[in-house]
Amino acid sequence: MYGFESILANEIKKLGGLNVQEGNRIVSFDGDTGFMYKANLALRTAIKILKPIYEFKATNEDELYRGIYDHDWSQWMNLDQTLAVDVTVHSDYFNHSKFLSQKTKDAIVDQFRNKFGKRPNVDIDSPDLRINVHVNQDLCTVSLDTSGLSLHIRGYKSAANLAPISEVLAAGLLLLSDWNGQSHFLDPMCGSGTILIEAAMIACNIPANIHRKEFTFQKWKDWDPILFETIRTSLLSKTKEMHYTMQGYDIDPQSIKIAKQNILNAGLEEFISITKKDFFESEKQVQGPLHILFNPPYGERMDIELEQFHENIGNTLKRNYPNTNAWMITGNLEAIKFIGLRPSRKIKVFNGPLEAKLVKYEMYEGSRKRKSNPTETDKN
Ligand SMILES: C[S@@+](CC[C@H](N)C(=O)[O-])C[C@H]1O[C@@H](n2cnc3c(N)ncnc32)[C@H](O)[C@@H]1O
């Protein structure tokens, strides 16, 4: 994801990946089959993990067809298995990715038909083999998609509220905010609880996808359940204890219900408590430093009085949350001016297709008694 390349690169290095290199919305690395299992289970900010299998050059559809046809596809799948093809194109020679994925699929099924007199079927949603072709000018890189569905589908969400944040984005924001589990944590507008769950998993070093139901590599010919179980057990042996409180507030009773269910699904009910509360009527409940991270309603999507709402955020933080680092993601750069605090950090990120900013406000101990402090621009 844009803006998270170095966060992901660090995650891969920490996990033991070799030759880690950052690109534009992509990070490449080397690793064996065990590491591929480990990366899928543990990486928090990866959306998909692709395994490149070969490359060839093509400047027209026939050359692309030939490049795919000449590879032995029976080494990866059987006739009774299903396939799907994704193509991404950045090329002056080609433009229609849909047409190229059709050509790629044709080349594979033609090879099976010519070899065995039968062809495998296509299953767009849940194939046994998902093939990814990345075309960069005349260079076609063919990869197997090891993950299947996007890795933001962690397996702990049974329901979402109106505007949930993606699990991968939530984890990325937490890592960008240097969250490491070494203080109390609050999401004051927690919705379905995504940020809290991801924060608790980071704090306890719980692998991000430990609850996920399925990875595509489990359908492959070389699927090794014993190796997978060894990797899974070894990751779980490295979880840590939590020594601080994690709290979530929301004013909406339905969101509270959903958040509680998701937290239960993630097995984190022991660590996270959720309360129906208006953040603007709350004050800091804990001693010592507090880390806040939240995504308030966006405004375009929700009917709120933007100016007043943002003033309330600023006033609540300023008056009631001393000794707190508050991070907020927002797509509304105009509205954050009404917060009336000067951000000490501003980081450009994307929330889906929307450009957004992750901003940080630092409240010091006793700052509410001071008339102003260096990071505040008091509007009142
Ligand atoms: C964009 S959603 C948060 C989504 C959440 N991060 C998730 O993953 O589901 C914003 C939430 O803020 C809540 N909210 C709005 N005003 C609030 C207030 N004054 N105090 C507490 N929660 C509030 C809404 O009910 C909504 O659930």
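Keep in mind that this is a model prediction, so the values were computed, not measured.

The rules behind each value
Residues numbered from 1 in each chain as written. Predicted model: local features only at pLDDT ≥ 70, side-chain atom pairs only at ≥ 80, totals over all residues. Heavy atoms only, no water. Helix = DSSP H or I, 4+ residues; strand = E, 2+ residues; numbered from the N terminus. Buried < 20%, exposed > 50% of the residue type's maximum accessible area, 1.4 Å probe, protein only. Contact = heavy atoms within 4.5 Å. pLDDT = per-residue confidence, 0-100. Near = heavy atom within 4 Å. Polar contact = N/O pair within 3.5 Å; in protein donor to acceptor, adjacent residues only side chain to side chain. Nonpolar A, V, L, I, M, F, W, Y, C, P; charged D, E, K, R; others polar. Expected span 1.5 Å × (residues − 1). Salt bridge = Lys/Arg side-chain N within 4 Å of Asp/Glu carboxyl O. Phe/Tyr/Trp six-rings, centres within 6.5 Å; stacked < 30°, edge-to-face > 60°. Axes fitted to C-alpha atoms, helices over the stretch in contact; angles between N-to-C directions. Parallel < 35°, antiparallel > 145°, perpendicular 65-115°, else oblique. Left-handed = near helix turned anticlockwise from the far one by under 90°.

Novice: I'm lost on the overall build of the protein chain in this one. Help?
Specialist: The helix and strand inventory of the protein chain stands at nine helices and 14 strands. Counting only C-alpha atoms, the protein chain reaches 80 × 45 × 40 Å along its principal axes. Looking at the protein chain as a whole, 51% of its 380 residues are labelled buried. Contacts spanning at least 24 positions in sequence make up 76% of the contacts within the protein chain whose residues lie at least 6 apart.

Novice: Hey, could you run me through the confidence of the model for the protein chain in this one?
Specialist: Segments scoring low in pLDDT should not have their predicted coordinates read at a detailed level. Per-chain confidence: the protein chain averages 92 in pLDDT, with 93% of residues scoring 70 or above. Note on residues 368-380: pLDDT is under 50 here. Beyond four places in sequence and across chains, it has 29 contacts.

Novice: Which parts of the structure should I look at to understand the site of the ligand?
Specialist: Around the ligand there are 23 residues in total, and Ser192, Thr194, Asp250, Asp278 and Asn295 lie nearest to it. Contact between the ligand and serine 192: an oxygen atom at 2.6 Å from a side-chain N or O atom of the residue. Taking threonine 194, its side chain carries an N or O atom lying 2.6 Å from an oxygen atom of the ligand. Among the residues making up the shell around the ligand, the classes are represented as 13 nonpolar, six polar and four charged.

Novice: How should helix α9 (residues 306-320) be read in this particular structure?
Specialist: Because the α-helix completes a turn every 3.6 residues, residues three or four places apart line up on one side. Its 15 residues place the ends of α9 21 Å apart at the C-alpha level, agreeing with the 21 Å of an ideal helix rising 1.5 Å per residue. Residues of α9 that are buried sit in contact with β11 (290-294), β12 (324-330) and β14 (354-363).

Novice: What is the right way to read the pattern of salt bridges from this model?
Specialist: Should their charged atoms come close, side chains of opposite charge can pair. Using the criterion set out here, one finds 14 salt bridges in the structure. In this structure, lysine 219 engages aspartate 128 in a salt bridge whose closest nitrogen and oxygen atoms are separated by 4.0 Å. Here the residue lysine 219 occupies a position in the loop between α6 (194-203) and α7 (225-236), and aspartate 128 occupies one in the loop between β5 (121-122) and β6 (129-136), the gap between them amounting to 91 residues. By the burial criterion, lysine 219 is buried, and aspartate 128 matches it.

Novice: Looking at this structure, how should I read the packing of aromatic side chains?
Specialist: Two measures describe an aromatic ring pair: the distance that separates the ring centres and the angle between the ring planes. Summed over the entire model, instances satisfying the criterion amount to 17 aromatic pairs. Plain terms: the ring middles of phenylalanine 29 and phenylalanine 35 are 5.6 Å apart, the flat faces sit at 75 degrees to each other, and that makes the pair edge-to-face. On the accessibility criterion, phenylalanine 29 (25% relative accessible area) is partly exposed. The buried category is assigned to phenylalanine 35, whose relative accessible area is 7%. Ring geometry for phenylalanine 279 versus phenylalanine 280: centroids 5.9 Å apart, planes at 50 degrees, classification tilted. Take phenylalanine 279: its relative accessible area is 2%, and that puts it in the buried class. Pairwise contacts between aromatic rings join Tyr37, Phe215, Phe217, Trp223 and Phe228 into one cluster.

Novice: Sorry, what's going on with the packing of helix α5 (residues 167-176) against α6 here?
Specialist: When two helices pack together, their arrangement is given by the angle between their axes and by how far apart the axes lie. The contact between α5 and α6 brings their axes to 9 Å, and the two run at 55 degrees. Taken together, α5 and α6 sit at an angle that is classed as oblique. Crossing angle aside, the handedness with which α5 passes α6 is right-handed. Residues Glu167, Ala170, Ala171, Leu174 and Leu175 of α5 form the contact with α6, whose own contacting residues are Thr194, Ile195, Glu198, Ala199 and Ile202. Within the contact of α5 with α6, the residues separate by chemical class into seven nonpolar, one polar and two charged.

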